[in-house]
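# Structural overview for review
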Amino acid sequence: MILSFSIGFLEVSWVDVIDILLVSVLLYQVYKLMRGSVAVTIFLGVLALYLIYLIVRAAQMELLGLILGQFMGVGVLAAIILFQPEIRKFLLLIGKTTDFNKSTSFFKNVFLGKGREHDELFNITPVIEAAKTLGGTNTGALIVFSRDSELKFYAESGDVIDAHLSKRLLLSIFNKYSPLHDGAAIIHKGKIKAARCVLPVSESDSLPAQFGLRHRAAMGMSEVTDTAILVVSEETGQLSLTRNGKLHSNLSPQELRKHIQEYLTARPEEKEETKNEVAESKSKTVNNPIRSEAKA
């Protein structure tokens, strides 16, 4: 028997309360995905059109009602087409919370005794040294660190390399005259999986205007995947790192090393704590002097 209670003449069960709460959470997540993007304007336009359709039907305007009814009849298909980027983000968000790799890593740790620090941690000194050299010569770079996945979808958008990580190789990839420099390099378990990869661009309005497409690509990648992305500014040579949709700018090599190591050694049960640390460190990055850069 489902417990219920009455509010006036309405009888409400606990299932109804849970249903309302779940719908509220769903609508809030949809709002977060659409906030700051053109999707909000499109949604308001569709809503206004639907309200006009209701008024036309109530006024019994048959011809106009028939025309608007044709649009409403394909409303679901039109919504899928119009809101394709937002729907994709939503599905990626769900996929991040149900990642099969995380569950398999749990069984490895419990039954096989394999720690994540042994599986995932590798020598990041070549990356730090390469970033220092690239920053010193104002050479732009975009490097993605993936802890759990090889990111095959994004790796296939560029050129597959699958080579051992080294400073010289990174400098060769991001050399201004190299055909591989335009795009991102993906690093997974101590190997450069691919270069010249295309990343999703963030539509967030929280990113300062002085940051260009390279920073927006790093932010977009961190929003839809559980990765850490290193950015070397082509204009100022500053080092930045994005993770979980948060940007840490103007980092020193020591700070950069610390952020990357924290990401690579974080366990699944520590993920929520790491997100809190990222939110706290955001206040530090606000105090960092950010010089204007017209080109990232």
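Heads up: the structure comes first, above all this text.
Note that the structure is a prediction, hence the values are computed from the model and not measured. (Residues numbered from 1 in each chain as written. Predicted model: local features only at pLDDT ≥ 70, side-chain atom pairs only at ≥ 80, totals over all residues. Heavy atoms only, no water.)

### A word on the pattern of salt bridges
Inspection of every chain in the model, using the stated rule, returns six salt bridges. Two residues, aspartate 162 and lysine 193, come together in a salt bridge whose shortest N-O distance is 3.2 Å. Remark: lysine 193 occurs in strand E6 (residues 191–197) and aspartate 162 occurs in strand E4 (residues 159–164); sequence separation between them is 31 residues. A single salt-bridge network, built from bridges that share partners, covers Arg147, Asp148 and Asp226. (Salt bridge = Lys/Arg side-chain N within 4 Å of Asp/Glu carboxyl O. Helix = DSSP H or I, 4+ residues; strand = E, 2+ residues; numbered from the N terminus.)

### Here's the deal with the pairing of strand E5 (residues 184–188)
Of all five residues making up E5, five are buried, and the element is well covered by its neighbours. In E5, alternate side chains face the same way, and those of Ala184, Ile186 and His188 on one face and Ala185 and Ile187 on the other are all buried. Sheet analysis places strand E3 (residues 141–146) next to E5, joined by four bridges and oriented parallel. From the neighbouring strand, serine 146 faces E5, where its bridge partner is histidine 188. Across four bridges, E5 lies against E6 in antiparallel orientation. When the sheet's bridge partners are listed, isoleucine 187 is paired in E6 with isoleucine 192. The loop that links E5 with its antiparallel partner E6 comprises two residues; one of these, lysine 189, has a positive phi angle of about 55°. (Buried < 20%, exposed > 50% of the residue type's maximum accessible area, 1.4 Å probe, protein only. Pairing = 2+ DSSP bridges.)

### Things to note about the packing of aromatic side chains
Inspection of the entire model under this criterion finds two aromatic pairs. Taken together, a centroid distance of 5.2 Å and an interplanar angle of 85° make the contact between phenylalanine 153 and tyrosine 154 edge-to-face. Of note, arginine 147 hangs over the ring of tyrosine 263, and the distance from its end group to the ring centre comes to 4.8 Å. (Phe/Tyr/Trp six-rings, centres within 6.5 Å; stacked < 30°, edge-to-face > 60°. Lys NZ or Arg CZ within 6 Å of the ring centre and 35° of its normal.)

### Details of the sheet that holds E5
Strands sit in the order E4-E6-E5-E3-E7-E8-E9 across an open sheet of seven strands; the sheet is mixed. Two strands close off the open sheet at either side, each with one partner strand: E4 and strand E9 (246–251). In this sheet, neighbouring strand axes are inclined to one another by 20° on average, regardless of whether the strands run parallel or antiparallel. Against the sheet, helix H8 (residues 125–136) engages E3, E5, strand E7 (227–232) and strand E8 (239–243), with an angle of about 30° to E7. (Axes fitted to C-alpha atoms, helices over the stretch in contact; angles between N-to-C directions. Contact = heavy atoms within 4.5 Å.)

### Looking at the nonpolar core
Ranked by internal contacts, the top residues of the largest apolar core, which has 28 residues, are Phe145 and Leu256. For this core, the secondary structure elements donating two or more residues are H8, E3, helix H10 (167–173), E5, E6, E7, E8 and helix H12 (253–265). Broken down by element, this core gets its largest block of residues, five residues, from H8. Not counting chain neighbours up to four residues away, the residues in contact with phenylalanine 145 comprise Phe122, Val127, Ile187, Thr227, Ala228, Leu230, Ile260 and Tyr263. By size, the runner-up hydrophobic cluster in this structure holds 16 residues, among which are Ala184, Ala194, Val224 and Ile229. (Core = buried A, V, L, I, M, F, W, Y, C linked by side-chain atoms within 4.5 Å.)

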